[in-house]
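Spelled out, the chains give:
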Amino acid sequence: MIFERIKKIDKNIYEIIRGLKSIAINQFSNGENDSNYPEVNKLKPLVKDANGVLNVEKLAQVIKENRTTLAKYLDD
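All of these numbers come straight from a predicted model, not from anything done at the bench.

A.B. asks: What's the story with the overall build of the protein chain in this structure? I'm lost.
C.D. replies: A count of helical and extended segments in the protein chain gives five helices and zero strands. Counting from the amino terminus, helix and strand elements in the protein chain follow one another as α-α-α-α-α. The burial tally for the protein chain puts 32% of its 76 residues in the buried class. In the protein chain, 46% of the contacts between residues at least 6 apart in sequence involve partners at least 24 apart. A total accessible area of about 5,400 Å² is found for the protein chain, and carbon and sulfur atoms account for 50% of it.

Rendered as structure tokens:
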């Protein structure tokens, strides 16, 4: 269940990421850039590990540091 997953992820990280719209999460994790999401495309390299896998800790940090840029992708 979701609560079991939350226990595995630091609560602070979860709180930061939970406000991100699902379409933005999909775009961050997608390997291809979509011209409809230029803000995400610019930040995408900062949220992936060397093997190209989305790193939730990096994603949380990027969201925290770029709230203004990503405002239209946030629910709050």
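A.B. asks: Mind showing me how you'd approach helix H5 (residues 56–65) here?
C.D. replies: Every α-helical turn comprises 3.6 residues, leaving residues that sit three or four positions apart pointing alike. Within the span of H5, buried status applies to Leu59, Ala60, Val62 and Ile63. Buried positions in H5, seen along its axis, are confined to an arc of 165° and lie on one side of it. In this structure, H5 carries Glu57, Lys64 and Glu65 as exposed residues pointing more than 90 degrees from its buried face. The secondary structure elements touched by the buried residues of H5 are helix H2 (11–17), helix H3 (22–29) and helix H4 (38–43). Here H5 starts with a cap whose side-chain oxygen sits 2.9 Å from the backbone nitrogen of Glu57, and that cap is Asn55.

A.B. asks: Help me out: how do you make sense of the packing of aromatic side chains in this one?
C.D. replies: Note on aromatic pairs: each is described by the distance of the centres and the angle between the planes. For the coordinates displayed, the defined rule picks out one aromatic pair. Both rings, one in Tyr37 and one in Tyr73, keep their centres 5.9 Å apart while their planes meet at 40°; by these two values the pair is tilted. In this pair, Tyr37 sits in the loop between H3 and H4 while Tyr73 sits in the segment after H5, placing the two residues 36 residues apart along the sequence.

A.B. asks: I'm lost on the environment of Arg18 in this one. Help?
C.D. replies: Checked against the element boundaries, Arg18 lands in the loop between H2 and H3. With a relative accessible area of 51%, Arg18 lands in the exposed category. Linking Arg18 and Ala60, residues 42 residues apart in sequence, is a C-alpha distance of 9.5 Å.

A.B. asks: Looking at this structure, how should I read the pattern of salt bridges?
C.D. replies: Opposite charge on two side chains permits pairing when their charged atoms draw close. Tallying each qualifying case throughout the model produces two salt bridges. Between Glu39 and Lys72 there is a salt bridge, with the nearest N and O atoms lying 3.4 Å from each other. With a gap of 33 residues between them, Glu39 in helix H4 and Lys72 in the segment after H5 connect regions that are remote in the sequence. Here Asp49 ties to Lys58 by a salt bridge, and the two come within 3.4 Å at their closest N and O atoms.

A.B. asks: Help me understand H3 in this model?
C.D. replies: Along H3, the residues classified as buried are Ala24, Gln27 and Phe28. Viewed along the axis of H3, the buried residues span an arc of 100°, placing them on a single side of the element. Where H3 is buried, its residues touch H4 and H5.

About the cut-offs
- Positions within a chain are numbered from 1, following the residues in the order the chain's sequence is written.
- In keeping with the predicted nature of the model, local features appear solely for residues at pLDDT of at least 70, side-chain atom pairs appear and are counted solely at 80 or more, and the whole-chain, interface and lining totals rest on all residues.
- Only hydrogens and water are set aside; all other atoms, that is, all heavy atoms of the structure, feed into the side-chain values.
- Each helix is a run of DSSP H or I of at least 4 residues and each strand a run of E of at least 2, with the numbering of both proceeding from the N terminus.
- Each residue gets one of three labels from its accessible area relative to the maximum for its type: buried under 20%, exposed over 50%, partly exposed in between, using a 1.4 Å probe on protein chains only.
- Note on contacts: a residue pair qualifies if any of its non-hydrogen atoms lie within 4.5 Å across the two residues.
- Each accessible area value is a Shrake-Rupley result obtained with a 1.4 Å probe; residue values ignore everything except the protein chains displayed when judging cover.
- What the arc covers is the set of directions going from the helix axis to the C-beta atoms.
- For the purposes of these results, a polar contact is taken to be a pair of N or O atoms within 3.5 Å, where, inside protein, one atom must be able to donate a hydrogen and its partner to accept one; residues adjacent in sequence count only when each atom of the pair is a side-chain atom.
- A pair of aromatic rings is counted whenever rings of Phe, Tyr or Trp (Trp by its six-membered ring) have centres within 6.5 Å, and the orientation is called stacked for planes under 30 degrees apart, edge-to-face for over 60 and tilted otherwise.
- The salt bridge criterion pairs a side-chain nitrogen of Lys or Arg with a carboxyl oxygen of Asp or Glu, the two atoms within 4 Å.

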